[in-house]
Each structure stands twice: as structure tokens, then as C-alpha cells.
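# What the coordinates show
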Amino acid sequence: MVNGDFSELVAFITVAREKSFTRAAAQLGISQSAMSHTIRSLETRLGVRLLVRTTRSVAPTEEGMRLIEAVAPRLEEINNELAALRELKNKPSGLIRITTAEHAFNTAIWPRLQVFLQDYPDIRIEINVNYGMTDIVAQRFHAGVRLGDEVEKDMVAVRIGSDLRIAVIGSPDYFARHPPPQSPQDLSNHTCINLQLPTLDSCMVWEFEKNGDSLKTHVEGQWTFNMGSHVLQAAVAGCGLAYLPADMAKEEIASGRLISVLEDWCQPYSGYHLYYPTSRQSSPAFKLLVDCLRYRN
């Protein structure tokens, strides 16, 4: 049918099934005269008569039956697919891509999302772990995770973790060979383990604060890693001092495998936030994920 209208086919099939213009018009929510006009228009366009009208009933012609047999199943398939799409619109499903640092993943994301996905089997999560300041729009991520004071102003930021505290830590074996530092300035006399930041192509600066005084220092040592877990491992092995989130090393500190120093210089700082563009049209799946990760005291 050239330049045809699916509504004409729907009208024709409805009349044929109901065997009544009146009932078909009521079912489709149009007037009986509009229904008659639609059927005449379809018959004129096709050049054949599709319905036989009597005072008692309406029945399809041979050509009409052929059209019904050919088109009705296909229209039903189309309606089923459209209904499925409408259902999918409100069904939590699809892929969500998140970029995050290792510690944030281990403490704020994994414990919640591994349980969350069990309830939503149609949602898929892709995690990219790195320490770079990723442009989530350019890299086509749905969201990223950063410390609260690092989130750009044009992004929506949702807190997903409590405030954090850094710890400077070393092993008992290391401190048996080196006296513990009393101030950040003393770190120049120590072997320190560096964490490489890929975006800046440099190592993390160790930041401290005490009584309103802030201090930043670059440290040196034999080892540089790009993963915090490797820094922790090296610290336990006595390779030098490490600068890591305190809760990342809490088990090692509690067991005595690591000793925390400069605690009066290590003040709390803003915790992790999930961030995403303000213009993003959130899917049902993404909204559920944000609510799952949202930090609650």
C-alpha cells in the first residue's frame, strides 16, 4: 500500500472482527461516520472492495479476507513490540558506565552495588578504575566518583561516603631503622612510597593541615605505584612510608603490621561523591543506582 496509513488497516481489521461499524467505531474511539470514511478511503486506494455491508452485518470479501490474513498477524506483532518498548521505558535495565578510584570502588561502590544487582538482573554495570580526572562526557561514562571538593560546578554531585582521613603509615621494621617523623618537614629524611597520578603525569602531593596551617610536600623514594593496594603492600613490607586513606589500612594498623604517624597533621576531608552532567536524562536504572549509592548517616 503506497502512502497508506496504518490507522486505516487497524480500522478495517477492527470492523471485520467486530462485524459492525458501530462497535468498531466505539472500540477505536471515533465516530461511525469517520469509520465509514476511513474504510471507503482504504478501498479507494487499493481499488478493491474489502467489506460487504448488509442491514444486519458486515463481512469481509475474498479480497478483504486475504488482506486480514496477511496483515493482522503483522499488526499484532507491531503492537506487541510497541507495548514491550513502553514497558522497557519504565523497566530498570541497560548498561551504566562508572569511572572511579580504587579506594572509592572498594569502600563506597562494591559493597552496595554487588547486592543491588541481585535485585535488578537487567541492569549491567561497567566499572573503570583509575586515578585520572576523567572527562566523563568525552569518555562516554554515565557517572564518575571524586572527592567532594574536586567535582566540577556544572555537575550534579551526590555524596556516597562519609568524610575521610589520610594516614601516614610505616611498618615496625621500617621504624626500627628510621625514627618516626615529628612533622611533615621531616619526610624529606624518609623513604616514601609514591602514588602516580596519570592525568597530571606526576605523583600525588602529600597534603597536611594543623591549627589552620596547610602544607603540601613532594616526597621521594624507591617505589612508585599507580594503585593504592600496591602502595599498602609495599608499606607492610617495610619499603617506606605510605600516604593512604586511613580506613584502607585499618586492619594493618589494628594488627600492628603498620604504625600511623603525624596523626595531628592528618585532618578529615570531604568524602566521595558520585557526579554526572546536569543535563543528563536519568533512566529508571540510573535513578535506582544513584539512590542505592547515596550516603545516609
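What counts and how
Residues numbered from 1 in each chain as written. Predicted model: local features only at pLDDT ≥ 70, side-chain atom pairs only at ≥ 80, totals over all residues. Heavy atoms only, no water. Phe/Tyr/Trp six-rings, centres within 6.5 Å; stacked < 30°, edge-to-face > 60°. Helix = DSSP H or I, 4+ residues; strand = E, 2+ residues; numbered from the N terminus. Buried < 20%, exposed > 50% of the residue type's maximum accessible area, 1.4 Å probe, protein only. Lys NZ or Arg CZ within 6 Å of the ring centre and 35° of its normal. Core = buried A, V, L, I, M, F, W, Y, C linked by side-chain atoms within 4.5 Å. Axes fitted to C-alpha atoms, helices over the stretch in contact; angles between N-to-C directions. Parallel < 35°, antiparallel > 145°, perpendicular 65-115°, else oblique. Left-handed = near helix turned anticlockwise from the far one by under 90°. Contact = heavy atoms within 4.5 Å. Nonpolar A, V, L, I, M, F, W, Y, C, P; charged D, E, K, R; others polar.

## A look at the packing of aromatic side chains
Enumeration according to the criterion identifies seven aromatic pairs in this entry. Centroid distance Tyr 174 to Phe 175: 5.6 Å. Interplanar angle 75°. Geometry classified as edge-to-face. An angle of 75° between the planes, with centres 5.7 Å apart, marks the rings of Phe 208 and Tyr 243 as edge-to-face. Residue Phe 208 is located in strand S10 (residues 206-210), and its partner Tyr 243 is located in strand S13 (residues 242-245); the two are separated by 35 residues in the primary sequence. Like Tyr 243, Phe 208 is buried. Across the ring face of Phe 141, the terminal group of Arg 97 is positioned such that the distance to the ring centre comes to 4.2 Å.

## Considerations on the nonpolar core
Counting residues in hydrophobic clusters, the biggest one holds 23 residues, and the most contacted among them are Val 145, Ile 160, Leu 274 and Leu 289. Contributing elements (two or more residues each) for this core: strand S3 (94-100), helix H5 (102-119), strand S5 (143-147), strand S16 (272-277) and helix H9 (284-293). If you tally residues by element for this core, the top one is H5, at six residues.

## Some words on the packing of H5 against H9
If you want to describe how two helices pack, look at the angle between their axes and the distance between the axes. Direction vectors running N to C along H5 and H9 enclose 130°, while the axes themselves pass 10 Å from each other. On the basis of their axis angle, the class for H5 and H9 is oblique. Between H5 and H9 the crossing geometry is right-handed. Contacts from Ala 108, Ile 109, Arg 112, Leu 113 and Phe 116 of H5 reach H9 at Leu 288, Leu 289, Cys 292 and Leu 293. Broken down by class, the residue content of the contact of H5 with H9 amounts to eight nonpolar, no polar and one charged.

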